[in-house]
Amino acid sequence: MSGGVRERFGSAFGMTVGMVVVGLAGYGFISLSGHTLSPDDVVALTSFYLLLSIVGPGVFAGLEQETSRSTSSWLVAGRPFGVVAKRAALLSGALTAVVLVVMLAASPLITDRALGGQWGLFAALAVGVVSSALAYLVRGLLGGRQRFSGYAVSLCGEGLSRIALCGAVVLLGFRDPVVYGLVFALGLAFSAFVALPWLRAKHDKPLDALPDDLAGDRPDTVKDMARGLGLLVGATLGFQAVANIAPVVVNSRMTDDANTAAAFASAFLMVRVPVLLFAAVQAMLMPALTQAVARGDLGTVRSTLARIGAALAAIGVPTFIGALLLGPWAVEFLFDAKVRLPGIVIALLAVSTVLLMVTQVLLPALVAIGKHRVVTIGWTAGGIVLLAFALLHPDPVWGAVWGQMASCGLVVAAMGLRLAAGLRGSGSAAVPPAPVTAA
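Attention in this report is confined to the structure presented alongside it. (Residues numbered from 1 in each chain as written. Predicted model: local features only at pLDDT ≥ 70, side-chain atom pairs only at ≥ 80, totals over all residues. Heavy atoms only, no water.)

## A short note on the environment of Leu115
Turning to its location among the elements, Leu115 is positioned in the loop between α4 (107-114) and α5 (119-144). It is 8.0 Å that separates the C-alpha atoms of Leu115 and Val43, two residues lying 72 residues apart in sequence. Once residues lying within four places of it in the same chain are set aside, the contact partners of Leu115 are Ala44, Ser47, Phe48, Leu51, Ile110, Leu121 and Phe122. (Helix = DSSP H or I, 4+ residues; strand = E, 2+ residues; numbered from the N terminus. Contact = heavy atoms within 4.5 Å.)

See the structure below:
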């Protein structure tokens, strides 16, 4: 086996292990809280988990993607890593400050309506935001430099720290949801620190150079990165909102039926964990697609997307059938749910998860060809559709289910059509990876 093949295999294996560990940690966190806390505390902690997924990854996954894209295009042009790293850190600090200020302004509403009046959970949410900023900045720099071994270590550090600390919390007999929240929030900070040795190493993997007619193009400035980051934050925030907001709305509408709200939240989180796992696939796609576009190798872009899309399509039907038949039992067994949900509810939620995974493949391809704006528009429209169903449907549970299906389907259609048009229009000519272009 050649060194290049062995390196690619090792990176893919490490990322797979990291994704599995993060997924197990997510299931463990949800399951342990369901078995040890009261229904009211489970609802509050579930809302915390979902809000952190929206505010943390929803904002800072955009930072990771733009950092990865900028780092990759910067290095492929032969420019020094330190400059783009400092610019990414500057943007990360500014973005963190903005998020914390907005959170503080909305803290009474967030705490009273979503967190059951527990200000300790709000403090844990703020800790999670800072941890997210650190983790996604480090991962963006690692991804852009194609240091996926370090990225895999970051994922494993996040998952293993949560598993170990949650186990300690249970063994020590803590029954405070705030403790669970802090454990979960600190996992991301730990993941950033354990990956720092890979970031500090000076040797970079050789990257394919740009064609001669593109190598002298003006490099990204801080303004370019900020513009791309702004659109990507809108896109990733929209993605995380569509992926996670439904149980928060259901919880707020079913304050008189905590058992049903908790069962729906548990089912929702159970079928959503694969989205967390698939995020690492997106991280590996971003630099590869950016470099392929920079070289004008759109055939590689098309074939890569086709293979992953076919794999996702193949798992759709088994996912639906498995969730339909086994979903209700799994929610009761794994999360100690007090209410048995219809199998069709869990099955449709599982299908919406597959659709979300499709968008995770389409997003880096659109970013690589500079179509940030269409991603933001698509997720904004999807969020509006989801909230309309979730808030207006007379049945909160079915409103959330149909909102998930409609919003995810809309976003997949919009992103897929725009990507197909972009790849056809680009032909085979080399196109530089512009930070932002018109949708």
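## Regarding the packing of aromatic side chains
The description of an aromatic ring pair uses the distance of the two centres, along with the angle that the planes make with each other. On inspection of all chains with the given rule, the structure shows 7 aromatic pairs. Here the aromatic rings of Phe29 and Phe184 are separated by 4.7 Å at their centres, their planes lie at 40 degrees, and the arrangement is tilted. Here Phe184 lies in helix α7 (residues 177-194) and Phe29 lies in helix α1 (residues 3-36), a separation of 155 residues in the sequence. Each member of the pair, Phe29 as well as Phe184, carries the same accessibility label: buried. On the numbers, 5.8 Å between centres and 70 degrees between planes, the contact of Trp119 with Phe122 is edge-to-face. With Trp119 and Phe122 both in helix α5 and 3 residues apart, this pair spans about one turn of that helix. Cation over ring: Arg139 sits above Tyr136, and NZ or CZ is 5.6 Å from the ring centre. (Phe/Tyr/Trp six-rings, centres within 6.5 Å; stacked < 30°, edge-to-face > 60°. Buried < 20%, exposed > 50% of the residue type's maximum accessible area, 1.4 Å probe, protein only. Lys NZ or Arg CZ within 6 Å of the ring centre and 35° of its normal.)

## Focus: a nonpolar patch on the surface
Taken together, the side chains of Val317, Ile321, Leu324, Leu325, Leu326, Trp329, Phe333, Leu334 and Ile344 present a nonpolar region at the surface, about 860 Å² in accessible area. Among the elements that line the nonpolar patch, the one with the most residues is helix α12 (residues 298-335), at 8 residues. The topology assignment puts Ile321 in helix α12. With a relative accessible area of 42%, Ile321 lands in the partly exposed category. (Patch = residues over 30% accessible without salt bridge, like charges linked within 9 Å, V, L, I, M, F, W, Y side chains within 5 Å. Areas by Shrake-Rupley, 256 points an atom, 1.4 Å probe, with all protein chains shown as cover. Salt bridge = Lys/Arg side-chain N within 4 Å of Asp/Glu carboxyl O.)

## Thoughts on the packing of α4 against α5
Between α4 and α5, the least distance of the axes is 9 Å, while the angle of their chain directions is 120 degrees. Judged by the angle between their axes, α4 and α5 are oblique. Here the hand of the crossing between α4 and α5 comes out right-handed. Across from Ser107, Pro108, Ile110 and Thr111 in α4, the residues of α5 making contact are Trp119, Phe122 and Leu125. Here the contact of α4 with α5 is built from residues that sort into 5 nonpolar, 2 polar and no charged. (Axes fitted to C-alpha atoms, helices over the stretch in contact; angles between N-to-C directions. Parallel < 35°, antiparallel > 145°, perpendicular 65-115°, else oblique. Left-handed = near helix turned anticlockwise from the far one by under 90°. Nonpolar A, V, L, I, M, F, W, Y, C, P; charged D, E, K, R; others polar.)

Interpretation note: all reported values are geometric properties and have no functional meaning in isolation.
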